[in-house]
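Survey of secondary and tertiary structure
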Amino acid sequence: MPVAVMASEDSRFLLHHGFDFEAIEKAAKHNMRKGEGKKHGASTISQQTAKNVFLWPGRSWTRKGFEVYFTALIELLWSKQRIMEVYLNSIEMGDAIYGVAACVQYNFDKQADQLSRADCALIAATLPNPRRFSSKFPSAYMRLRQQKIQHEMRYIPSFPKEGEDYDPRTASGGVYAK
């Protein structure tokens, strides 16, 4: 599931320290070009975790300021594995459904450790709007997103276990022990 979520939401999660400045720059350029059209965001998994766990819903500069503070704090104090664990357990996955395990139970009637690669990609495809998109009753659009995420998953390294760090020097995206 972590690899599917990274492929869908934050492919550079293992490389940045809470803020993906490349994604922020791309989103800013896109949003300036598009004017009032669909806005692109650049929130990382770390930022979304900070927002989900510590902050209130909505959008304001005050909340964004607190999000920056809490993102820096969790990146300093938590491992990438802990950030991912908290993210996967706190993310909204539907109306009154929080966490991937609850989503899997509700939508697939199985346990999270029984998910296939395709199931993980389908769940990740519902992000960032799981109230609008369903992994229980996926539309044709959702199936296309699922396929795209499965393709992108090939380029995401296996998620390191606690105590391992991602080694960006290896071409295969491997991990090495501390």
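Residues numbered from 1 in each chain as written. Predicted model: local features only at pLDDT ≥ 70, side-chain atom pairs only at ≥ 80, totals over all residues. Heavy atoms only, no water.

1. Digging into the environment of F19
Note the threshold: Elements are defined by DSSP. Helices are runs of H or I of four residues or more, strands are runs of E of two residues or more, and each kind is numbered from the N terminus. Partly exposed residues are those whose accessible area sits between 20% and 50% of the maximum for their type, while under 20% is buried and over 50% is exposed, using a 1.4 Å probe and protein chains only.
Considering the arrangement of structural elements, one finds F19 in the loop between α1 (2-9) and α2 (21-34). Residue F19 is classed as buried on the basis of its relative accessible area of 17%. Put simply, F19 and S43 are 24 residues apart on the chain and 7.5 Å apart in space, counted from C-alpha to C-alpha.

2. What to know about helix α8 (residues 140-153)
The following threshold applies: Every helix has an expected span of 1.5 Å times one less than the residues it contains. Think of the arc as the fan of directions from the helix axis to the C-beta atoms. Contacts between residues were defined by any pair of non-hydrogen atoms, one from each residue, lying within 4.5 Å.
Taking 1.5 Å of rise per residue, 14 residues should cover 20 Å, and α8 covers 20 Å from first to last C-alpha, within 8% of that figure. What α8 keeps buried is the set M142, Q146, I149 and M153. Down the axis, α8 shows its buried residues gathered within 70° of arc, on one side only. Exposed residues pointing more than 90 degrees away from the buried face of α8 are listed as A140, L144, Q147 and K148. Buried-residue contacts for α8 involve α1 and α7 (117-125).

3. Digging into unusual backbone geometry
L127 connects to P128 through a cis peptide bond whose omega is 10°. With a phi angle near 65°, A96 is a residue other than glycine that sits in the positive phi range.

4. Thoughts on the confidence of the model for the protein
Short version of the rule: For every residue, the predictor assigns a confidence score, pLDDT, that lies between 0 and 100.
In the predicted model, the protein carries a mean pLDDT of 86, and 84% of its residues have values of at least 70. A low-confidence stretch, residues 171-178 (pLDDT under 50), is modelled with 20 contacts involving residues beyond four sequence positions or located in other chains.

5. Looking at the packing of aromatic side chains
Here is the rule we go by: Between 30 and 60 degrees the pair is tilted, below 30 it is stacked and above 60 it is edge-to-face, where a pair is any two Phe, Tyr or Trp rings, Trp via its six-membered ring, whose centres lie within 6.5 Å.
Taken as a whole, this structure holds seven aromatic pairs when the rule is applied. Note on F54 and W78: the rings are 6.4 Å apart at their centroids and 40° apart in plane angle, and the pair reads as tilted. Remark: W78 occurs in the loop between α4 (61-77) and α5 (80-90) and F54 occurs in helix α3 (residues 45-54); sequence separation between them is 24 residues. Residue classification places F54 among the partly exposed positions, given a relative accessible area of 36%. Residue classification places W78 among the partly exposed positions, given a relative accessible area of 25%. When the centroid spacing of 6.0 Å and the interplanar angle of 70° are considered together, the rings of W56 and F66 count as edge-to-face.

6. Some remarks on the side chain of N107
Rules: Each polar contact in these results corresponds to two N or O atoms within 3.5 Å; when the atoms are within protein, one needs to be able to donate a hydrogen and the other to accept it, and residues that are neighboring in sequence are counted only if both atoms are side-chain atoms.
Tracing the sequence through the fold places N107 in helix α6 (residues 100-108). Polar contacts involving the side chain of N107 include one to the side chain of S135, which spans 2.8 Å. Once residues within four sequence positions are removed from consideration, N107 is found in contact with S135 and K136.

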